[in-house]
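Single-letter residue listing:
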Amino acid sequence: MRARADAAPGPVPQRGNGVGVLRWLRRLIVGSALMGVVLVGGTAFRVWQVARIDDYSTADAIVVLGAAQYSGTPSSVFEARLDQAYRLFRLGVAPRVITVGGKQEGDLYTEAASGKNYLQSRGVPSDKILAVETGSDTLRSIEAVATAMQARDMNSAVLVSDPWHSLRTRTMARDEGLDAWTAPTRTGPAVYTRESQAHGIARETGALLWYQLTHFAADFAYTAGQ
């Protein structure tokens with residue numbers, strides 16, 4: 001009678017290391033993508049949320065962020081901001097208006113000077129307007145305003161720009177040591193259409209994320225009609 005031999009167990013299949021690495025990489029990629037979506041979406045929501053704020057608390061100064069001007073005539077974007085600053089001044093929100101912005105090569109006027117001239121033409125006294133004639137982007141403009149204000153013992157400002165620009169300007173101003181809040185314009189090309197609003201939110205979301213990451217400026221071209 002032939003003895004029955006116990007069958008030897010076969011080798012246990014081993015999962016290759018490559019499979020585990022691929023699974024880990026997939027999880028890393030999916031997790032990073034989800035984090036990116038949350039970060040961008042959350043920032044866009046904050047841009048939209050702060051754009052809706054109108055804070056008319058009294059301040060040392062009303063600061064108007066510059067925009068394009070043509071031979072001393074403010075563009076429609078800039079004019080809308082200046083009109084809002086004029087309304088705030090007439091309401092007594094602050095005793096002084098600060099216009100800020102330099103000029104492009106070949107320009108005869110700075111943005112700050114053209115803004116000051118416009119406000120004077122509407123009846124704001126010259127000695128109540130400070131033109132800070134420097135700044136080629138938002139960050140440099142805010143830095144120049146902060147320096148000018150601190151030299152005059154002013155530290156609170158209500159910032160006037162387009163609604164979607166509010167969060168970034170406020171963030172930069174506070175980083176420069178100013179007590180700052182916003183009361184943006186509600187007129188002009190920045191708010192005319194759904195398309196311009198969506199473009200503004202997208203543009204400012206990218207610019208704010210770049211600033212928070214690098215603390216460098218990132219002013220993208222404005223495409224709404226001016």
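Residues numbered from 1 in each chain as written. Predicted model: local features only at pLDDT ≥ 70, side-chain atom pairs only at ≥ 80, totals over all residues. Heavy atoms only, no water.

Help me out: how do you make sense of the sheet that holds strand 6 (residues 156-160) in this one?
By way of backbone hydrogen bonds, the strands of a sheet pair with one another, either parallel or antiparallel. Pairing is parallel across the open sheet formed by 5 strands, whose spatial order is 5-4-1-6-7. Each edge of the open sheet carries a strand with a single partner, namely strand 5 (129-132) and strand 7 (179-182). Taken pair by pair, the neighbouring strands of this sheet meet at an average axis angle of 25°, ignoring direction. Bridging between strand 4 (residues 97-100) and strand 5 involves 4 bridges; their strand directions are parallel. Across the sheet, the residue bridging to I98 is L130, located in strand 5. (Pairing = 2+ DSSP bridges. Helix = DSSP H or I, 4+ residues; strand = E, 2+ residues; numbered from the N terminus. Axes fitted to C-alpha atoms, helices over the stretch in contact; angles between N-to-C directions.)

Would you explain the UniProt feature "transmembrane region" (unreviewed entry) in the chain in this entry?
With numbering aligned to this structure, UniProt lists the feature "transmembrane region" (unreviewed entry) at residues 28-48. In this annotation, residues 28-48 is assigned 100% helix and 0% strand; the end-to-end C-alpha distance for the span is 30 Å. (UniProt positions renumbered as here; feature names shortened; annotations may be inferred.)

Help me understand the environment of A80 in this model?
With respect to the helices and strands, the residue A80 is situated in helix 2 (residues 76-90). According to the relative accessible area criterion, A80 is buried, its value standing at 5%. Through-space distance from the C-alpha of A80 to that of T187 is 5.9 Å; in sequence the pair is 107 residues apart. With sequence-adjacent residues up to four places away left out, A80 is seen in contact with T185, T187 and G188. (Buried < 20%, exposed > 50% of the residue type's maximum accessible area, 1.4 Å probe, protein only. Contact = heavy atoms within 4.5 Å.)

Would you mind showing me how to read the packing of aromatic side chains here?
Two aromatic rings are characterised by how far apart their centres lie and by the angle between their planes. Under the counting rule described, the total for this entry stands at 1 aromatic pair. Measuring from ring centre to ring centre gives 5.7 Å for F45 and W48, while their planes differ by 35°; the resulting arrangement is tilted. Here F45 and its partner W48 are both found in helix 1 (residues 17-51), 3 residues apart, which amounts to about one turn of the helix. Classification of F45 as partly exposed rests on a relative accessible area of 44%. The ring of Y86 has R122 sitting right over it, with the charged end atom 4.0 Å from the ring centre. (Phe/Tyr/Trp six-rings, centres within 6.5 Å; stacked < 30°, edge-to-face > 60°. Lys NZ or Arg CZ within 6 Å of the ring centre and 35° of its normal.)

What is the right way to look at the pattern of salt bridges in this model?
Note that side chains of opposite charge can pair when their charged atoms are close. The full count for this structure, using the stated rule, is 6 salt bridges. In this structure, the salt-bridge partner of D83 is R122, at a minimum N-O distance of 3.0 Å. Of this pair, D83 sits in helix 2 while R122 is found in the loop between helix 3 (111-121) and strand 5, placing the two residues 39 residues apart along the sequence. Given the relative accessible area of 35%, R122 is considered partly exposed. Counted as one network, the salt bridges with shared partners bring together R168, R203 and E204. (Salt bridge = Lys/Arg side-chain N within 4 Å of Asp/Glu carboxyl O.)

Sorry, what's going on with the side chain of T205 here?
Relative to the helices and strands, T205 is located in helix 6 (residues 194-214). Overall, T205 belongs to the buried group, its relative accessible area being 6%. From its side chain, T205 meets the backbone oxygen of I201 in a polar contact 2.7 Å long. Beyond its immediate stretch of four places on either side in the chain, T205 contacts V40, T43, A44 and V47. (Polar contact = N/O pair within 3.5 Å; in protein donor to acceptor, adjacent residues only side chain to side chain.)

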